[in-house]
Amino acid sequence: AQPPTFTLAGIPGLPMSSHWMALPLCCLYLLVLLGSGTLLWVVRADHSLHTPVYYFLSTLAMADLGLSLSTLPTMVAVFWFKSPSFPFEACVAQMYFVHAFSVIESGVLVAMAFDRFVALSCPLRYSSGLTSPLIMKAGGVIFLRAVCVVLPVAVLMGKMPFCGPRVLSHSFCLHQDMLRLVCGDVRVSRVRLYGLMAVMLTKGLDSLAILLSYTMILRAILSTVSQAAQAKAFSTCISHLCAVLVFYIPLIGLSIAHRFGRQLSPLAPTLMADACLLVPPVLNPLVYSWRTRQIRGWVLTLLCPRAA
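Let us look at the structure shown here.

Reading guide: rules and limits
- Residues numbered from 1 in each chain as written.
- Predicted model: local features only at pLDDT ≥ 70, side-chain atom pairs only at ≥ 80, totals over all residues.
- Heavy atoms only, no water.
- Pairing = 2+ DSSP bridges.
- Helix = DSSP H or I, 4+ residues; strand = E, 2+ residues; numbered from the N terminus.
- Buried < 20%, exposed > 50% of the residue type's maximum accessible area, 1.4 Å probe, protein only.
- Contact = heavy atoms within 4.5 Å.
- Salt bridge = Lys/Arg side-chain N within 4 Å of Asp/Glu carboxyl O.
- Phe/Tyr/Trp six-rings, centres within 6.5 Å; stacked < 30°, edge-to-face > 60°.

1. Observations concerning the sheet that holds strand β2 (residues 85–87)
The sheet built from three strands is open, its strands ordered β2-β1-β3 with mixed pairing. Across the chains shown, the open sheet's two edge strands, defined by having one partner strand only, are β2 and β3 (167–168). Two strands pair when backbone bridges link them, and strand β1 (residues 5–8) and β2 are joined in this way by three bridges, in the antiparallel orientation. Residue pairing for β2: T5 is matched across the bridge by P87.

In structure tokens, the structure reads:
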């Protein structure tokens, strides 16, 4: 029989009713909703932003919203309402959406890297090559890949037997965290192997694709004679590079902590997991708003209409 509930530990060393922790978390979620929501509204309202890079940026904002909203219920329940118990089926569903939106975000970052490569290496063919139908197809492929890769993990996890204290080490359900609670089943090694393969086939290949894209981008930029043109080309890539670093650095740190950091304090993987799911959605709208003149202008108009 499946266990009825999991207990979410929150942050090790802190009492479950840490309202001083709940307030900044709620502020971060509010920043995500405002930032990503404003970004989507600006791109929709300004017809000059109806270009491939901003379509991908809108998809990235939607993935950020989905990732944040997937973890919001348990975060608020644990830190605000002192309710750490979570039904098994809901925990599996949350695990699925968290990992699926994470894979979607990784895929969008690859598409944005390819977009920058085409824009810098073939500027004359950029508008005619990256058409709206092609972008929609790319978005559909990114979405279907996430669904197909993560769904078997959720199905297999739903059939696993759990025993002993069912206490998770985070404020939300993650595949790695749930898997360590499985007991007495030979299939656990297969699930663990599939999870590792899924990570390598998605985020592993995505990171290599981004690295390859930027290697070719760097070659295209250095082949430009004008230093002013080189500086402008580098400037167009800074926002995307920041988004890539903000997404992958905490993710790599969390993977290392889960697989090789058994001697680390339980606080380390917990904080890394929180950083993986909260830092990118908070920072992405800020980075793109600051680096993009049109978006910055709209934001300043909303905040200070008289000054605008």
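2. Observations concerning the side chain of S106
Within the fold, S106 resides in helix α3 (residues 88–121). For S106, a relative accessible area of 0% translates into the label buried. For S106, the residues in contact, after removing those within four places along its chain, are R145, K203, D206, F247 and Y248.

3. A closer look at the pattern of salt bridges
The tally for this structure, following the rule as stated, stands at two salt bridges. The closest approach of N and O atoms between R116 and D115, which form a salt bridge, is 2.9 Å. Since its relative accessible area comes to 12%, R116 is described here as buried. Residue D115 is classed as buried on the basis of its relative accessible area, which comes to 0%. Across the pair R145 and D206 runs a salt bridge whose closest N-O atoms are separated by 2.8 Å. Of this pair, R145 sits in helix α5 (residues 132–158) while D206 is found in helix α7 (residues 188–222), placing the two residues 61 residues apart along the sequence.

4. Points about the packing of aromatic side chains
Aromatic rings considered in pairs are described by the distance between their centres and by the relative angle of their planes. Tallied over the entire structure, the rule returns four aromatic pairs. For the pair F6 and F88, a centre-to-centre distance of 5.7 Å together with 40° between the ring planes defines the contact as tilted. Residue F6 is found in strand β1, and its partner F88 is found in helix α3; the two are separated by 82 residues along the sequence. Its relative accessible area of 0% is what places F6 among the buried residues. With a centroid separation of 6.4 Å and an interplanar angle of 25°, the aromatic rings of F97 and F101 are classed as stacked. Of this pair, F97 and F101 both sit in helix α3, four residues apart, which is roughly one turn of the helix. Judged by relative accessible area, F101 falls into the partly exposed class, the value being 22%.

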